[in-house]
Amino acid sequence: MLKLVQTDWGQFDLVVDDPAQADADAAAATLVFGVLYTDAEAPASRVDDLFDRRGWYADPEAGSGLWHVRRQPLNSNARLEALAMVRTALTVRAPALTDIEVQEVTLPEPAGNISSVFLEVAGFHNGRKFIVRAPL
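All of these numbers come straight from a predicted model, not from anything done at the bench.

## Notes on the sheet that holds strand β3 (residues 97-105)
Spatial strand order, β3-β4-β5: three strands in an open sheet with antiparallel pairing. The open sheet is flanked by β3 and β5 (128-135), the only strands paired with a single partner. Neighbouring strand axes in the sheet, compared pairwise and without regard to direction, differ in orientation by 20 degrees on average. Both β3 and strand β4 (residues 118-125) contribute to a ladder of seven bridges, which runs antiparallel. In the strand pairing of β4, Glu104 is matched with Leu119. Helix α1 (residues 25-36) contacts β3, β4 and β5 of the sheet and is inclined by roughly 40 degrees relative to β5. Seen against the sheet, helix α3 (residues 76-93) touches β3 and β4 and runs at an angle of roughly 165 degrees to β3.

See the structure below:
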């Protein structure tokens, strides 16, 4: 089975899952990363150009709309919209995850970087508690 792993903040790679390692958190992390970093089609009110709305042709609602939230200035409204969008996307697109809690995590900012949002997603997958941190 393939799994999606985070190699660095904002960088991911696909690797073959080794069942001998018994990494139970990998399945939950793969679901979270898959939903968050798959682009859903943006509404026409957000992106005028039909060809610039992204999304998957077979299911335009798949994934999240975080990509078009990133296109606006990062202020408190954008942060709240991103958190709500993540909660909704994970609830709708990853029904294997239950009792999902999403919160913003404050990390030390790199010099000159004031527009970063980091999330902590916690919940249950197959009855096992998981916590995944992800940059937006």
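On we go.
## Digging into the packing of α1 against α3
Contact pair α1 / α3: the axes reach a minimum separation of 10 Å and the direction vectors enclose 120 degrees. It follows from the interaxial angle that α1 and α3 lie oblique. Viewed along their axes, α1 and α3 form a crossing whose handedness is right-handed. For the pair α1 and α3, contact is made by Val32, Val35 and Leu36 and by Val86, Ala89, Leu90 and Arg93, respectively. Partitioned by chemical class, the residues of the contact of α1 with α3 number six nonpolar, no polar and one charged.

## Focus on the side chain of Ser64
Along the polypeptide, Ser64 turns up in the loop between α1 and α2 (66-69). Only 3.0 Å separates the side chain of Ser64 from the backbone oxygen of Leu36, close enough to count as a polar contact. Contact partners of Ser64, with chain neighbours within four places excluded, come to Val35, Leu36, Thr38, Asp39, Ala40 and Ala89.

## Here we look at the packing of aromatic side chains
Scanning all chains against the criterion turns up one aromatic pair. An angle of 35 degrees between the planes, with centres 6.3 Å apart, marks the rings of Phe33 and Tyr37 as tilted. The class for Phe33 is buried, based on a relative accessible area of 5%. A relative accessible area of 27% places Tyr37 in the partly exposed class. Across from the ring centre of Phe124, 5.4 Å away, lies the NZ or CZ of Lys129, which sits over that ring.

## Section: the pairing of β4
Residues in a regular strand point their side chains to alternate faces of the sheet. In terms of burial, β4 is largely enclosed, as seven of its eight residues are buried. Here β4 runs beside β5; their pairing, made up of eight bridges, is antiparallel. Within β5, the position partnered with Phe118 by the bridge is Pro135. Connecting the antiparallel pair β4 and β5 is a turn made up of two residues, with Asn126 showing a positive phi of about 55 degrees.

Rules behind the numbers
- Residues numbered from 1 in each chain as written.
- Predicted model: local features only at pLDDT ≥ 70, side-chain atom pairs only at ≥ 80, totals over all residues.
- Heavy atoms only, no water.
- Pairing = 2+ DSSP bridges.
- Helix = DSSP H or I, 4+ residues; strand = E, 2+ residues; numbered from the N terminus.
- Axes fitted to C-alpha atoms, helices over the stretch in contact; angles between N-to-C directions.
- Contact = heavy atoms within 4.5 Å.
- Parallel < 35°, antiparallel > 145°, perpendicular 65-115°, else oblique.
- Left-handed = near helix turned anticlockwise from the far one by under 90°.
- Nonpolar A, V, L, I, M, F, W, Y, C, P; charged D, E, K, R; others polar.
- Polar contact = N/O pair within 3.5 Å; in protein donor to acceptor, adjacent residues only side chain to side chain.
- Phe/Tyr/Trp six-rings, centres within 6.5 Å; stacked < 30°, edge-to-face > 60°.
- Buried < 20%, exposed > 50% of the residue type's maximum accessible area, 1.4 Å probe, protein only.
- Lys NZ or Arg CZ within 6 Å of the ring centre and 35° of its normal.

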